[in-house]
Amino acid sequence: MFTALLDTCVLWPDLQRDFLLSLAIEGMYRPVWSSVVLEELEYEQRTKLIERGNVPDPADEHLVAAAVVANAGAIITLNVRDLPADKLPHGLQVLSPKEFAANTVSLDPVRACIAVAAIAKRSGRIGRIQTEEDILEILNRRYGMTSAVGMMRQAAAETLHLRPPQPRVSESEPQSNAQGLPTE
């Protein structure tokens, strides 16, 4: 399974974090991070909630160290230019969240749709309820995940097209179990 180190700046936006971690829950990759990333995330979340500000990361060496220790194939960050390929160990990539999302979704767009459905189902606990389409639109517009969203929309359309119509069961009709026996 592909392993990717997620930087603080990738985990900081709520929906982006939820989407990327939902892909991991679906078994599409293994996310890793370091304690420094979590400390930064905690600090940034506190700052976001209290001061609505953001402090730039003064050093990114901890990302490379954590990626090497975790045997990660990639560091996912918006800070791509501060991690030049010629300064990284062989085989370690630096990808933006939208590149990583596109690569991961391309492996199994249907499972990615399941991840988005899970996010929609969890929505409304804090904030408004969001549909799957709402979430896809935010991933597309706010995070630039156009390619990943396009693949998921296509997979959803193909899945709906291939799914046979389900017979409606009215409440007045007797129900039956898997063996065809009436249920109470």
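Residues numbered from 1 in each chain as written. Predicted model: local features only at pLDDT ≥ 70, side-chain atom pairs only at ≥ 80, totals over all residues. Heavy atoms only, no water.

(A) Spatial organisation of the pattern of salt bridges. Per the counting criterion, the structure on display carries 7 salt bridges. A salt bridge links Glu-133 to Arg-153, with the nearest nitrogen and oxygen atoms 2.4 Å apart. Residue Glu-133 is found in helix H7 (residues 132–141), and its partner Arg-153 is found in helix H8 (residues 146–162); the two are separated by 20 residues along the sequence. On the basis of relative accessible area, Glu-133 is assigned to the partly exposed category, the value being 41%. Judged by relative accessible area, Arg-153 falls into the partly exposed class, the value being 29%. In this structure, Glu-137 engages Arg-153 in a salt bridge whose closest nitrogen and oxygen atoms are separated by 3.1 Å. One end of the pair, Glu-137, is in helix H7; the other, Arg-153, is in helix H8, and 16 residues separate them in sequence. For Glu-137, a relative accessible area of 27% gives the class partly exposed. (Salt bridge = Lys/Arg side-chain N within 4 Å of Asp/Glu carboxyl O. Helix = DSSP H or I, 4+ residues; strand = E, 2+ residues; numbered from the N terminus. Buried < 20%, exposed > 50% of the residue type's maximum accessible area, 1.4 Å probe, protein only.)

(B) Main features of the nonpolar core. Core analysis: the largest hydrophobic core is formed by 48 residues, its most contacted members being Phe-19, Leu-23 and Met-152. Among the elements that take part in this core, helix H6 (residues 109–122) stands out by supplying 6 residues, more than any other. Excluding its chain neighbours within four sequence positions, the residues that come into contact with Met-152 are Phe-19, Val-105, Pro-109, Ala-112, Cys-113, Val-116 and Leu-136. (Core = buried A, V, L, I, M, F, W, Y, C linked by side-chain atoms within 4.5 Å. Contact = heavy atoms within 4.5 Å.)

Function-wise, these values are silent; they only describe arrangement.
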